[in-house]
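Here's the letter readout for the chains.
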Amino acid sequence: MYVRCKIWLIRLRNPGFTIGCRPRIDFSRVRFSTWTGPITIGDDCGIYDGQIQGTLIIGDRVNLISPCRIGGSSLHKVTIGSDTWIAPNAYIVPTTHAYKRRDITISEQGTCGADIVIGEDCWIGINAVISPGVTIGRGAVIGANSVVTKDIPEYAIAVGAPAKVIGYRE
Ligand SMILES: CC(C)(COP(=O)(O)OP(=O)(O)OC[C@H]1O[C@@H](n2cnc3c(N)ncnc32)[C@H](O)[C@@H]1OP(=O)(O)O)[C@@H](O)C(=O)NCCC(=O)NCCS
C-alpha cells in the first residue's frame, strides 16, 4: 500500500512514470526527477539509492545498487536491458557540458549529448562512468572504476579509464 501510494505521488509529478510488478524501491533514498522525460521501469526491479531521471527505459529484473545517478533528459535517453546489475556510484548520464570554445565560458556553452544503451545481462562495476553515446553490448562486464568512452562488444570484459576490452565471457 505504501509503495503504491509513493508511485501514485511520483506519477502526479511525472505523468510519464511507469513501473512494473513487484518493485523493490527504497523511497526514502531514491529521488525520481520530475522535470525530465518519461521513466519506464520493468518488473521485479530493485532500486535502492540515488537519483533517477528520465528519459529512461529499464527492463525487467534490473538492480541498481546504492547510490547511482542514472537517466537522461528530454533530449537524450538511457536504456538498460533486463537482468543487468549496476554497482554503487555508477554515473550513467547521456548529457554533458559543451566546452570546446574558449571565447565564452563553459557555463555559456550549454549542454550536448547522445543516447546511452546498456544491453541485457550486463554487470556495471562500482564507480563506473558511462559516457554519452556509448552502447554496451549484451552480457558485457565493466570493471570497477572504469570510464567507458567507446562502444563495448557483446560479452566483453572491459576495464580501465578509458575502458579497454581484456577478454570475453566464456
Ligand atoms: C572486471 C572484473 C570483473 C574482472 O575480474 P576477473 O575476471 O577476476 O579479472 P582479474 O582480476 O583476473 O583481472 C584481469 C586483469 O585485468 C585487470 N583488472 C581487473 N579489474 C580491473 C579494473 N577494474 N580496472 C583496471 N584493471 C582491472 C587486472 O589487474 C588484471 O590485469 P593483468 O592481467 O595485467 O594482471 C573485476 O576486476 C571487477 O572490476 N569487478 C567489479 C567489482 C564490483 O564493482 N563489485 C561491486 C559489487 S555489485
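This one's a predicted model, so the numbers in the text were calculated from it and none came from an experiment. All residue numbers refer to position in the chain's written sequence, counted from 1. In view of the model being predicted, local features appear only for residues whose pLDDT reaches at least 70, and side-chain atom pairs are presented and counted only at 80 or more, with totals across whole chains, interfaces and linings using the full set of residues. Side-chain measures here rest on the full set of heavy atoms in the structure, leaving out hydrogens and waters.

1. Considerations on the sheet that holds strand S19 (residues 141-142)
- DSSP bridges decide pairing: two strands pair if at least two such bridges lie between them. Helix and strand assignments follow DSSP, with helices taken as H or I runs no shorter than four residues and strands as E runs no shorter than two, numbered in order from the N terminus. On the basis of which strands lie adjacent, the open sheet formed by eight strands has the order S2-S5-S8-S11-S16-S19-S21-S22 and mixed pairing. Of all strands in the sheet, those bounded by a partner on one side alone are strand S2 (24-25) and strand S22 (164-168).
- Where strand S16 (residues 123-124) lies against S19, two bridges are found, and the strand directions are parallel. Along S19, the bridge assignment pairs Ile124 with Ile142.

2. A short note on the pattern of salt bridges
- Every case where a carboxyl oxygen of Asp or Glu lies within 4 Å of a side-chain nitrogen of Lys or Arg is listed as a salt bridge. One pass over the structure, following the stated rule, counts seven salt bridges.
- Close ionic contact of Asp44 with Arg22 constitutes a salt bridge, the shortest N to O distance being 2.6 Å. Of this pair, Asp44 sits in the loop between strand S4 (39-41) and strand S5 (46-47) while Arg22 sits in the loop between strand S1 (17-19) and S2; the two residues are 22 residues apart in sequence, bridging distant segments of the chain.
- Its relative accessible area of 52% is what places Arg22 among the exposed residues. With a 1.4 Å probe rolled over the protein chains alone, any residue whose accessible area is under 20% of its type maximum counts as buried; one over 50% counts as exposed, and the rest are partly exposed.

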